[in-house]
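Structure assessment
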Amino acid sequence: MNIGKRMTYLWVFTAFMLAGSPVRADTLDIRPGLRAGETYRWDYRREMEQRAKGRPDKSGASITAVTAKVLEASASGYVLEWRYGDTRVLDAAQAKALAQKDMQWVWDLAKELRFELQLAPDGQFVQLRNYEQIQPKIDQMIEHILAMAARQKNAGPAEMKQVGDMMRGMFTGRERVEALMLKDVLLLLFPFGMSLDTQAPLTYQTPLANPVGGEALQAEGTISLTSLDRTHGIATIGLDQKLSPDSMTKVLAAMARKMGENRPPPEELAKLKADITDTSRYTIDLKSGFPSKVEFKRAVFMPDGHRIDKVSFTSKRSGSSRVQGK
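Residues numbered from 1 in each chain as written. Predicted model: local features only at pLDDT ≥ 70, side-chain atom pairs only at ≥ 80, totals over all residues. Heavy atoms only, no water.

Some points on the overall build of the chain
Note the following rule: Numbered from the N terminus, helices here are DSSP runs of H or I no shorter than four residues, and strands are runs of E no shorter than two. Burial here depends on accessible area, computed with a 1.4 Å probe over protein chains only, as a share of the maximum for the residue type. Under 20% is buried, over 50% is exposed, and the range in between is partly exposed. We call two residues in contact when some of their heavy atoms are within 4.5 Å. The Shrake-Rupley method, run with a 1.4 Å probe sphere, supplies the accessible areas, and residue values consider only the shown protein chains as cover.
Of the regular secondary structure elements, the chain holds nine helices and 14 strands. Per-residue burial for the chain yields a buried fraction of 35% across its 326 residues. Here the analysis covers contacts within the chain between residues at least 6 apart in sequence; of these, 64% occur between residues at least 24 apart. For the chain, the exposed area adds up to about 19,400 Å²; of that, 55% sits on carbon and sulfur atoms.

Right, dumping it as structure tokens:
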């Protein structure tokens, strides 16, 4: 048998063996590798684009420096001090408009806030530990907004009271403050506590608020460990989430109710499309468990327009976000 034929038989045998054998799965448990006194820093970027029929297009982007300092680290869990630094508005026209409206106080107040995030031993978020200290600052923010609106005479006393009651209600209670003030922070903490397999993505269902009001929607998602490099201590995770098919019907039905007599006939309504999709990509530093890079995108498409929100966190040090504290 010549060398060429032997190589051909060897290749066929190898291919046959691989086809009949499962690919080895690699697993990863994402747990904190945090020590008291360490500080982690990221650039936190937010972008928004909104289009709706009959209304001007809206867009904006900003970058804020953020810091997480490990206050406590023990077998019972962790406490992180989360703080916001300077914010830079990237759109020149928007920056000018905000300056004219004297909105610098918003950034100054944000920098005063200290959020103490209590985490479980596996890194999952437990609660905002210093909620009682944060609440007075939120009340101060609301009163400042109402005072500004009153000076600009944007609404009458009755309407101002209604707006004030609504805003106070939005921030009443620990859980509501956590949901509104820490929404993007929790996005950064999301991978902690996960156990993932390269060959077995996690699937899940979760409720979503209906953007036009009414019954809550249902979303379906998949979380995948897309790569794992233990040599360099890096893993990448992908998340893809979309509305379940029956949720489309709920969105359109809620819209039809709001339109009242102006709603289109059933055959036209059936042709309308609505969707909400989320995509996230994480680059995880396996030493700390923190992401060195997060990219999140939510796209909401409605019959009359769409809104796209993007959030990203980028470590301010290449390769690792860890800074040893003194």
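Having seen it, we continue.
Some words on the nonpolar core
The criterion, for reference: Note on terminology: a nonpolar core comprises buried Ala, Val, Leu, Ile, Met, Phe, Trp, Tyr and Cys residues joined through side-chain atoms within 4.5 Å.
If you look at the biggest cluster of nonpolar residues, it comprises 52 residues, and the most contacted ones within it are Trp 42, Trp 82, Phe 115, Leu 117 and Phe 313. Looking at this core element by element, the count peaks at seven residues for helix α4 (residues 131-151). If we skip the residues at most four places from it in the chain, Phe 115 touches Leu 80, Glu 81, Trp 82, Tyr 84, Leu 128, Asn 130, Ile 134, Met 181 and Leu 182. Of all hydrophobic cores here, the second largest spans eleven residues; its members include Ala 219, Leu 243, Leu 252 and Ala 274.

Re the pairing of strand β4 (residues 77-89)
The cut-off we apply is this: Note on pairing: two strands pair once DSSP finds at least 2 bridges between them.
In terms of strand pairing, strand β3 (residues 58-74) meets β4 through eleven bridges, oriented antiparallel. Opposite Ala 68, over in β4, you have Trp 82 as the bridge partner. Counting the residues between successive antiparallel strands, the hairpin from β3 to β4 contains two residues. Bridge count for β4 against strand β5 (residues 115-119) is five bridges, and the pairing is antiparallel. For Trp 82, the partnering residue across the bridge sits in β5 and is Phe 115.

Remarks on the packing of aromatic side chains
Any two aromatic rings considered together are summarised by their centre-to-centre distance and by the angle between their planes. This is how it is decided: Stacked, tilted and edge-to-face pairs are distinguished by plane angle, under 30 degrees for stacked and over 60 for edge-to-face with tilted covering the rest, among Phe, Tyr and Trp rings (Trp via its six-membered ring) whose centres lie within 6.5 Å.
What the rule picks out here adds up to eleven aromatic pairs. When the ring of Trp 82 is compared with that of Tyr 84, the centres are 6.2 Å apart and the planes differ by 85°; the resulting orientation is edge-to-face. In terms of burial, Trp 82 and Tyr 84 fall into one category: buried. Each member of the aromatic cluster is reached from another via a ring pair, and the members are Tyr 40, Trp 42, Tyr 44, Trp 82, Tyr 84, Phe 115, Phe 192, Phe 290 and Phe 313.

Quick look at the side chain of Asp 285
Going by this rule: Polar contact is defined as a pair of N or O atoms within 3.5 Å, subject to the rule that within protein one atom must be able to donate a hydrogen and the other to accept it, and that residues adjacent in sequence are counted only when both atoms are side-chain atoms.
Positionally, Asp 285 belongs in strand β11 (residues 275-285). On the basis of relative accessible area, Asp 285 is assigned to the buried category, the value being 7%. A polar contact of 3.3 Å, which involves the side chain of Asp 285, links it to the side chain of Ser 288.

A closer look at the environment of Ala 52
Relative to the elements of secondary structure, Ala 52 occurs in strand β2 (residues 39-52). Residue classification places Ala 52 among the buried positions, given a relative accessible area of 19%. In the structure, Ala 52 is positioned 255 residues away from Arg 307 in sequence and 8.5 Å away in space, judged by C-alpha atoms.

What about the confidence of the model for the chain?
Rule in force here: For every residue, the pLDDT score states the predictor's confidence, bounded by 0 at the bottom and 100 at the top.
On average, residues of the chain carry a pLDDT of 82, and 82% of them reach 70 or more. Taken element by element, the predicted model of the chain shows its lowest mean pLDDT in helix α1 (residues 3-19) (41) and its highest in β5 (97). Of the regions scoring below 50 in pLDDT, residues 1-23 engages in three contacts with residues more than four places distant in sequence or in other chains.

Thoughts on the side chain of Glu 178
Spelled out, the test is: The charged-residue count follows a simple rule in which Lys and Arg add positive charge and Asp and Glu add negative charge, with His and chain termini not counted at all. In what follows, salt bridge is the name for a side-chain nitrogen of Lys or Arg lying within 4 Å of a carboxyl oxygen of Asp or Glu.
Mapped onto the elements, Glu 178 comes out in helix α6 (residues 174-181). Nearest to the buried, unbridged Glu 178 among oppositely charged side chains is Arg 174, at 4.8 Å. Not counting the four nearest positions on each side in its chain, Glu 178 is found in contact with Phe 125, Gln 127, Leu 128 and Lys 183.

A few points about the packing of α4 against helix α5 (residues 157-170)
As a reminder of what qualifies: A fitted line through C-alpha atoms serves as each axis, taken over the contacting stretch for helices, and the angle formed by two N-to-C directions is quoted from 0 to 180°. With respect to orientation, any angle under 35 degrees is reported as roughly parallel, any angle over 145 as roughly antiparallel, any angle of 65 to 115 as roughly perpendicular, and every other angle as oblique. In a left-handed crossing the near helix is turned counterclockwise from the far helix by less than a right angle, and in a right-handed crossing that turn is clockwise. Classification convention: Asp, Glu, Lys, Arg as charged; Ala, Val, Leu, Ile, Met, Phe, Trp, Tyr, Cys, Pro as nonpolar; all other residues, Gly among them, as polar.
Where α4 contacts α5, the two axes come as close as 10 Å, and the packing angle between them is 160°. Of the possible angle classes, the one that applies to α4 and α5 is roughly antiparallel. Once α4 is placed against α5, the crossing between them reads as right-handed. Note on element contacts: α5 touches α4 through Met 160, Val 163, Gly 164, Met 167 and Arg 168, opposite Ile 142, Glu 143, Ile 145, Leu 146, Ala 149 and Ala 150. Of the residues that constitute the contact of α4 with α5, the class distribution is eight nonpolar, one polar and two charged.

Thoughts on the layout of surface pockets
Short version of the rule: Both site types are read off a 1 Å grid over the protein atoms alone. A 1.4 Å probe that fits but cannot get out defines a cavity, while an open set with protein on both sides within 12 Å along at least five of seven lines defines a pocket; lining residues have an atom within 4 Å of a point. Grid points are joined across faces, edges and corners, and a volume is the space filled by probe spheres set on the points.
Of the volumes computed, that of the second largest pocket is approximately 1,300 Å³. Those elements giving two or more residues to the lining of the second largest pocket turn out to be β2, α7 (183-189), β8 (202-208), β10 (234-243), α8 (245-259), β11, β12 (291-302) and β13 (305-315). If you tally residues by element for the lining of the second largest pocket, the top one is β13, at five residues. Of the residues belonging to the lining of the second largest pocket, the class tally is 19 nonpolar, six polar and eleven charged.

Quick look at α4
Our working rule: A helix's residues, less one, multiplied by 1.5 Å, set its expected span. The reported arc concerns the directions from the helix axis to the C-beta atoms and nothing else.
The end-to-end C-alpha distance of α4 is 30 Å, a good match for the 30 Å that 21 residues give at a rise of 1.5 Å each. Taken residue by residue, α4 has Tyr 131, Ile 134, Gln 135, Ile 138, Met 141, Ile 142, Leu 146, Met 148 and Ala 149 as its buried positions. Seen from one end, α4 has its buried residues packed into an arc of 160°, which puts them on one side. Residues Glu 132, Gln 133 and Arg 151 are exposed on α4 and point more than 90 degrees away from its buried face.

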